[in-house]
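Each chain, written out:
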Amino acid sequence: MTGRVHVTVDNAVAHVAIDNRGRRNAVSHKVFGELGSAITELSCSPDVRAVILSGHGDDFSVGADLAATADSRTLRGDSVVADTARLRQVSDTLHRFHHLPQVTVAAIDGACAGAGLSLAAAADFRIASDRAVFNTAFVNAGLSGDLGGVWLITSMLGGARARELFLTPRKFTARKALDHGLVTAVTSAESLHTDARDLADRLAASAPLALRAMKQNLLQASTTSLGDYLLAEVDRMVQCSHSGDAREAADAFVTKRVPSFTGR
């Protein structure tokens, strides 16, 4: 395989792997370009119901690739205008990943820091290996943070915890991340990818229309007023209730069998 981002699809589950060998999967402007292309393709794939994001080998991602050549970095120092344009482009990729119609699972092994932590935080679920190590890292690098990490983690953990993690950055373990509520589960390094796949398979077995609509409910719940949210929630609920999948679920319940969903 070529490139820094590899995508494989198997039985309605897509696996997206960041592969920057020798750099602990650090993310450059090139990596985000490839990731953006993968996200565009996945967002238009009705047969994909769940997406796993991981890093190649023993690390998820250490964050920005500070050792990358100047022409492949996002912040190159050539001009404020050019750096702003590139960082906004990369930020849009993060935003589109967070808003993928499919449910997403980040499988986190080894280092997960800076922009890598932001990517993990943008997923719907995070499963970490017991050797995973987290760090916001930005302030220690003289930077204020990017890729929505502050917004995402504040939304997840609250302002007090986010302030602790971002204003006093230091490494913390997967168990501490679980205590904070940053990750969904901790497992062994050997079973990490199997456990992530088991979760993705469980999600993919759900009614696709309902799953996507529920994700939209969850995304909108944190960004709109209750009144506006209820209007959209009603529309999605009625659309799902008129679907073949809803009828299939009801019939399967009555006849005591496993439903077979088609996404229609």
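Residues numbered from 1 in each chain as written. Predicted model: local features only at pLDDT ≥ 70, side-chain atom pairs only at ≥ 80, totals over all residues. Heavy atoms only, no water.

*Asks:* Got a sec to walk through the overall build of the protein? Specific residues and values, please.
*Replies:* When you go through the protein residue by residue, the secondary structure sums to 10 helices and 9 strands. For 264 residues, the compact-globule estimate of 2.2 N^0.38 gives 18 Å, and the protein sits close to it at 19 Å. Taken along the three principal axes of its C-alpha coordinates, the protein extends 60 × 45 × 35 Å. Per element, the accessible surface of the protein, about 13,500 Å² overall, is 57% carbon and sulfur. Taking the average location of the 28 positive side-chain charges in the protein and that of its 28 negative ones, the two points are 2 Å from each other. (Helix = DSSP H or I, 4+ residues; strand = E, 2+ residues; numbered from the N terminus. Rg over C-alpha atoms; globule rule 2.2 N^0.38 Å. Areas by Shrake-Rupley, 256 points an atom, 1.4 Å probe, with all protein chains shown as cover. Lys, Arg positive; Asp, Glu negative; His and termini not counted. Charge placed at Lys NZ, Arg CZ, Asp CG, Glu CD.)

*Asks:* How would you summarise the pattern of salt bridges if you had to cite specific residues and measurements?
*Replies:* Should the charged atoms of two oppositely charged side chains come close, the side chains can pair. Evaluation of the coordinates by the stated rule reveals 16 salt bridges. Two residues, D58 and R131, come together in a salt bridge whose shortest N-O distance is 3.1 Å. You can see D58 sitting in the loop between β3 (50–55) and α2 (80–98) and its partner R131 sitting in the loop between β6 (125–129) and β7 (133–135), a full 73 residues away along the chain. Residue D83 is joined to R86 by a salt bridge in which the shortest nitrogen-to-oxygen separation is 2.7 Å. Of the two residues, D83 and R86 both sit in helix α2, 3 residues apart, roughly one turn of that helix. An identical accessibility class is assigned to D83 and R86; each is buried. Each of D10, R197 and D201 takes part in a single network of salt bridges with overlapping partners. (Salt bridge = Lys/Arg side-chain N within 4 Å of Asp/Glu carboxyl O. Buried < 20%, exposed > 50% of the residue type's maximum accessible area, 1.4 Å probe, protein only.)

*Asks:* Residues and numbers for the packing of aromatic side chains, please.
*Replies:* Within the structure shown, the criterion is met by 1 aromatic pair. With 5.6 Å between their ring centres and 20° between their planes, F134 and F172 make a pair best called stacked. Of the two residues, F134 sits in strand β7 while F172 sits in strand β8 (residues 172–173), which places them 38 residues apart along the sequence. You can call F134 buried: its relative accessible area is 1%. (Phe/Tyr/Trp six-rings, centres within 6.5 Å; stacked < 30°, edge-to-face > 60°.)

*Asks:* Describe the sheet that holds strand β5 (residues 111–113), and please don't skip the residues or the numbers.
*Replies:* Pairing is mixed in the open sheet, where 3 strands are placed in the order β5-β7-β8. At either end of the open sheet lies a strand with only one pairing partner, and these are β5 and β8. Taken together, the 2 bridges between β7 and β8 define a ladder with antiparallel strand orientation. Residue pairing in the sheet places F134 in a bridge with F172 of β8. (Pairing = 2+ DSSP bridges.)

*Asks:* Report on the nonpolar core, specifying residues and quantitative values.
*Replies:* Within the largest apolar cluster, 46 residues are counted, with the highest numbers of intra-cluster contacts made by F60, I108, L119, F134, I153 and L182. If you look at the next biggest cluster of nonpolar residues, it comprises 15 residues, including A12, I127, A196 and A200. (Core = buried A, V, L, I, M, F, W, Y, C linked by side-chain atoms within 4.5 Å.)

*Asks:* Break down the pairing of β6 for me, with residues and values.
*Replies:* The buried count for β6 comes to 4 of 5 residues, which makes it a mostly enclosed element. Across 4 bridges, the pairing between strand β4 (residues 103–108) and β6 is parallel. Residue I108 lies in a different strand from β6, and its bridge partner there is A128. Pairing geometry for β6 and strand β9 (residues 185–187), over 3 bridges, is parallel. Along β9, the bridge assignment pairs I127 with A185.

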